[in-house]
Amino acid sequence: MAQKQLLIDFCGGIDDAIALAYALQAPDTKVVGVICSDTDAGRGISLAQKVIDWAKPGYEIDIVAGEQRPLFASLSGNTARVDESSAGVRLLLEKAQEAEGELTLVTLGRLTTLAKAVAAEPMLAKQLKRVVIQGGAIRVPGDVTAIAEANMHADPEAASFVLAAGLPLLMVPMDATYKLTMTNEQAQAVVSIARDTGMIHVDWQPDATDLRLSAWGAMIAALDPSVIATQQMKLTIDCTSTLSRGAVLADLRAKPSVGRDMDVCVRIETEKQYLWLQAALEQEGNRR
């Protein structure tokens, strides 16, 4: 079996760390790079490196900063220019070209870096095998507003541009991941490992609102399509309304006509993946 080549747009946090660890330990998978697109790239890079050090994949992985601000941040008084190109954009374009159509990109945050890469290279859609996007809320409430999910809400213009770019997209919305959670015992074990290995330094205590593993769900969808169910939908990202900015709007009529066609993950079977999580926690517990 050919080895999967994976590039991850990473934004930090325990959920993203679990997703990265899962990818690094997945069979027949090579993580060729990590792009840290966040308001604090240094923290994201540090976390990604510590996860890689923990997983010990046996090869070098490029870790660079991606876009730190939304596409049109300058409109709200920020001095960032829309045409700036980050190291993350350059790494994405370089890895896509090297992989010759075999690269899968998984985005775990807002889509600013990907949007800028598409603007810089119109042929990117033909160079990527798959783009798996963690984000959106379609039939379930959002986590930032009543209808908007954090990653789409953080840069809806970038998300709208990406949807229109003709990329081979798979969206993994909150609808598919809202049941993908850790038990309190598992969460405490993850936090303990993260503290002991220096992945986190704050006195964070997980509660019921911290346990959803949406980033891990997107990684599962990227690496094991056999455990997901998908549905094609016509989608639009709202960029204008004050009330629904960042919302993913799906035309769910019997004969949909509004929006861009997109594959959407609607269900993830997680039994096998939970076995991996439990085994990883037990293995780390035996080391200590």
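For the structure itself, look to the data block above.
A brief report on the enclosed structure follows. Counting of residues starts from 1 at the beginning of each chain's written sequence and follows it residue by residue. At least 70 in pLDDT is required for a residue's local features to be given in this predicted model, at least 80 for side-chain atom pairs to be given and counted, and no such filter applies to totals for whole chains, interfaces and linings, which use all residues. Only hydrogens and water are set aside; all other atoms, that is, all heavy atoms of the structure, feed into the side-chain values.

Observations regarding the side chain of Glu149
No. 1: Here Glu149 shows up in the loop between β5 (128-134) and α6 (150-154).
No. 2: Between N or O atoms, a polar contact is any pair within 3.5 Å; within protein, one atom must be a potential hydrogen donor and the other a potential acceptor, and residues adjacent in sequence are included only when both atoms are from side chains. Here Met152 takes part through its backbone nitrogen, which lies 3.1 Å from a polar atom of the side chain of Glu149.
No. 3: Discounting chain neighbours no more than four positions away, the residues touching Glu149 are Gln134, Gly135, Gly136, Ala137, Gly142, Asp143, Val144 and Met174. To qualify as a helix, a DSSP run of H or I must reach at least 4 residues; to qualify as a strand, a run of E must reach at least 2; elements of each kind are numbered from the N terminus. Contacts are residue-level and defined by heavy atoms, with any inter-residue pair within 4.5 Å sufficient.

Some details on the nonpolar core
No. 1: Among the nonpolar cores identified, the biggest contains 52 residues, and Ile8, Val34, Val172, Trp216 and Met219 are the most heavily contacted of them.
No. 2: When residues of this core are assigned to their parent elements, the largest contribution, nine residues, is made by helix α1 (residues 14-25).
No. 3: Among residues more than four places away in sequence, those in contact with Trp216 are Asp15, Ile18, Ala19, Tyr22, Leu180, Gln273, Tyr274, Trp276 and Leu277.
No. 4: Among the buried residues, those of types Ala, Val, Leu, Ile, Met, Phe, Trp, Tyr and Cys that are joined through side-chain atoms within 4.5 Å form a nonpolar core. Only protein chains enter the accessibility calculation, which uses a 1.4 Å probe. A residue is then buried if its area is under 20% of the maximum for its type, exposed if over 50%, and partly exposed in between. One finds Val32, Ala117, Leu167 and Met233 within the second-largest nonpolar core, a separate group that totals 37 residues.

Focus on the state of the cysteines
No. 1: Two cysteine sulfur atoms form a disulfide, by the criterion used here, when they sit within 2.5 Å. Tallying each qualifying case throughout the model produces zero disulfides.
No. 2: Looking at Cys36, it has no disulfide partner, and the nearest cysteine sulfur is the one in Cys11, 9.1 Å off.
No. 3: When its relative accessible area of 0% is taken as the criterion, Cys36 is described as buried.

Here we look at the pairing of strand β2 (residues 29-36)
No. 1: Counted residue by residue, β2 has seven buried out of eight residues, so it is predominantly covered.
No. 2: Only strands joined by at least two bridges in the DSSP assignment are considered to pair. In this sheet, β2 lies alongside strand β1 (residues 4-10) in parallel orientation, the contact comprising seven bridges. Its bridge partner being in β2, Ile8 is matched across the sheet by Val34.
No. 3: If you view a crossover with the strands going away from you and the path from the first strand over the helix to the second runs clockwise, you call it right-handed. The β-α-β motif built from β1, the intervening α1 and the parallel element β2 has right-handed crossover chirality.
No. 4: Here β2 runs beside strand β3 (residues 62-65); their pairing, made up of four bridges, is parallel. Across the sheet, Val34 pairs through a bridge with Ile63, a residue of β3.

Some thoughts on the packing of aromatic side chains
No. 1: Each Phe, Tyr or Trp ring (for Trp, its six-membered ring) is paired with any other whose centre lies within 6.5 Å, and the angle between the two planes then decides the class: stacked below 30 degrees, edge-to-face above 60, tilted in between. Overall, the coordinates contain four aromatic pairs when judged by the stated rule.
No. 2: Seen in terms of ring centroids, Tyr22 and Trp216 are 6.0 Å apart; in terms of plane orientation they differ by 80°. Their pairing is edge-to-face. Highlighted residues: Tyr22 in helix α1 and Trp216 in helix α10 (residues 214-223), separated in sequence by 194 residues.
No. 3: Relative accessible area serves as the criterion here: at 10%, Tyr22 is assigned to the buried category.

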